[in-house]
Structure formats: structure tokens, C-alpha cells
Amino acid sequence: MDFESTGVVILLEVRPLGGALQSVPDDLAPVQDAARRMLASPGAGARWLPASEDGLAGQMDVEDVAAALPLLHALRTSLRQDPAAVPLGITAGLGIGGGVEASGLAGAAFRSLDQSKRPGTRGLTPDPRINAGLDALFRTMDFLETGWTAAQWQAIHHRRSGGTLMEIGTDLGIAYQNVSKRLLAANYRLYCEVLEGCSRLLS
């Protein structure tokens, strides 16, 4: 089956990881406020439509298919850039296609995720062959993210923003060799390859 990728709909929910909501409720409000601001200003070619009263769940419409996963990655790393903050995760279901079809696929992808476990990612297109490849790549991406420490999330956020190892080390007050060690331990190069593979399939 051939189909034309005319856009991506992402149904997503931002929520505290583990017992964060119960254990440190006073510290939760600032990070939730930051998440709302990030979602409300996703950048050119993307539009956020909140579906919950707290504004932390809803639909993100992305015009450029290739931009959808980098946008999701940017949101996740921005939420986790401060090791001292309450950790927030994003559960995301992506639908790739045109108009109503993409929304329906996004809903099916989101519902397929186990909401009782850590946040994950699923994506669906009208093509079952592509879906099989996407599923394997998304599971790999989720597996890698699950293993990242707070320090690795921080280094990855700075690396995504374009900083060199030396610049990141200066910003974080550590040796650039330690930045490299964090990225290597996180298998960040492999993660980027998986991210690129997903984007190619979506396109």
C-alpha cells in the first residue's frame, strides 16, 4: 500500500515519572508550568491543541513529517535538562497521513501504549509494512531513553542544542571528557541513528 505523508498528528500527555506526583507535590508546579510553555510554543509548522484542563495533554499537529520526531525529542530533553527538577515524561502516539485519517491513527497508537508503565512512543501509518518497522524502531528508542540517568539527559539536551563537548563541559562545570562519557554511556549515537531511521520511514 502506498500513501502520501501529508502531516503528523501527535497525541501526547506529559506526566510525572514514578512517584514524583505523590512525593514532592510542592516541586511539581514549576516544572508543569515550564512544560505548558514549551507545548504552547512548539515552533514554526506545529500547533498545540490542549485537550485537558491542566494543559498537559492534547494534540500536536506538525506540518513537516520529518520535523515531528525531532520536535518530540526536543520536548523530552527540555523537560529533563535539570537533574534536580521533578522528572516529567511524555507518552506519545503518532498518526501519519492526511487530515482525519492521521488523527484516527494517532488515537489508535496512543491507546496501544501501556499507560501503567513508563512513557513510551508508538506511531501508525496506513501501511502495515511500514508500521512493523516503526514499531521496532520506537521500541528501541524507548528502551534507550528508559536507561538514561539525569546527568545523561542533561548532556543530551545540551548536545541536541548544538553545543560542542567543550562548550557543554564549560556550561555544566565538568571536563569535556566527562560529557563524552555521558553521551557514550547513553548510546546517544545509536539513539540518533534510530531517530533518523524513524523519520525516514515516516517520510
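Please read these numbers as outputs of a predicted model, since none were measured by experiment.

Trainee: Whenever I open this one, the overall build of the protein confuses me. Can you help?
Mentor: From N to C terminus, the protein includes 9 helices and 5 strands. Ordered by position from N to C terminus, the α and β elements of the protein give β-α-α-β-β-α-β-α-β-α-α-α-α-α. In terms of overall dimensions, the protein has C-alpha extents of about 50 × 35 × 30 Å along its principal axes. Classification of the 203 residues of the protein by burial places 47% in the buried group. Each charge class in the protein can be summarised by its mean position, and for the 18 positive and 22 negative side chains these summaries are 6 Å apart.

Trainee: What is the right way to look at the environment of I174 in this model?
Mentor: Position of I174 relative to the elements: it lies in the loop between α7 (165–172) and α8 (176–185). Residues I174 and L190, 16 residues apart in the sequence, show an inter-C-alpha distance of 24 Å. Residues within four places of I174 in sequence aside, it is in contact with G169, V179 and R182.

Trainee: Which parts of the structure should I look at to understand unusual backbone geometry?
Mentor: As a rule of thumb, non-glycine residues mostly have phi less than zero, and peptide bonds are mostly trans rather than cis. Within the chain, N187 stands out as a residue other than glycine whose phi angle is a positive 55°. Residue position: N187 is located in the loop between α8 and α9 (188–202).

Trainee: Teacher, can you tell me more about the sheet that holds strand β5 (residues 121–124) here?
Mentor: Here 5 strands make up an open sheet; going across it, the order is β2-β3-β1-β4-β5 and the pairing mixed. Whereas interior strands pair on both sides, the edge strands pair on one side only; in this sheet they are β2 (46–50) and β5. Going from strand to strand, the sheet's axes swing by 20° on average, the running direction of each strand aside. As judged from the 6 bridges shared by strand β1 (residues 8–16) and strand β3 (residues 57–62), these two strands associate in the antiparallel manner. By the bridge assignment, L11 is partnered in β3 with Q59.

Trainee: Please explain the nonpolar core as it appears in this structure.
Mentor: A general feature of soluble globular proteins is that nonpolar side chains tend to end up buried together. Ranked by internal contacts, the top residues of the largest apolar core, which has 45 residues, are I10, L12, V14, M60, L69 and L94. In contact with V14, other than residues within four places in its own chain, are A35, L39, L56, L79, L88, G89 and I90.

Trainee: Would you mind showing me how to read the pairing of β3 here?
Mentor: The buried fraction of β3 is high, at 6 of 6 residues. Across 5 bridges, β2 lies against β3 in antiparallel orientation. Paired with W48 across the two strands is M60, which belongs to β3. The turn joining β2 and β3, which pair antiparallel and follow one another in sequence, is formed by 6 residues; a positive phi near 75° is taken by G55.

Trainee: Would you mind showing me how to read the packing of helix α2 (residues 28–40) against helix α3 (residues 68–79) here?
Mentor: Geometrically, a packed helix pair is captured by the angle between its two axes and the distance between the axes. It is at 10 Å that the axes of α2 and α3 come closest, and there the two elements cross at 160°. Classified by the angle between their axes, α2 and α3 sit roughly antiparallel to one another. Note on packing geometry: the crossing formed by α2 with α3 is right-handed. Where α2 abuts α3, its residues A35, M38 and L39 lie against L75, S78 and L79. Its residues placed into classes, the contact of α2 with α3 shows 5 nonpolar, 1 polar and no charged.

Thresholds applied
Residues numbered from 1 in each chain as written. Predicted model: local features only at pLDDT ≥ 70, side-chain atom pairs only at ≥ 80, totals over all residues. Heavy atoms only, no water. Helix = DSSP H or I, 4+ residues; strand = E, 2+ residues; numbered from the N terminus. Buried < 20%, exposed > 50% of the residue type's maximum accessible area, 1.4 Å probe, protein only. Lys, Arg positive; Asp, Glu negative; His and termini not counted. Charge placed at Lys NZ, Arg CZ, Asp CG, Glu CD. Contact = heavy atoms within 4.5 Å. Pairing = 2+ DSSP bridges. Axes fitted to C-alpha atoms, helices over the stretch in contact; angles between N-to-C directions. Core = buried A, V, L, I, M, F, W, Y, C linked by side-chain atoms within 4.5 Å. Parallel < 35°, antiparallel > 145°, perpendicular 65-115°, else oblique. Left-handed = near helix turned anticlockwise from the far one by under 90°. Nonpolar A, V, L, I, M, F, W, Y, C, P; charged D, E, K, R; others polar.

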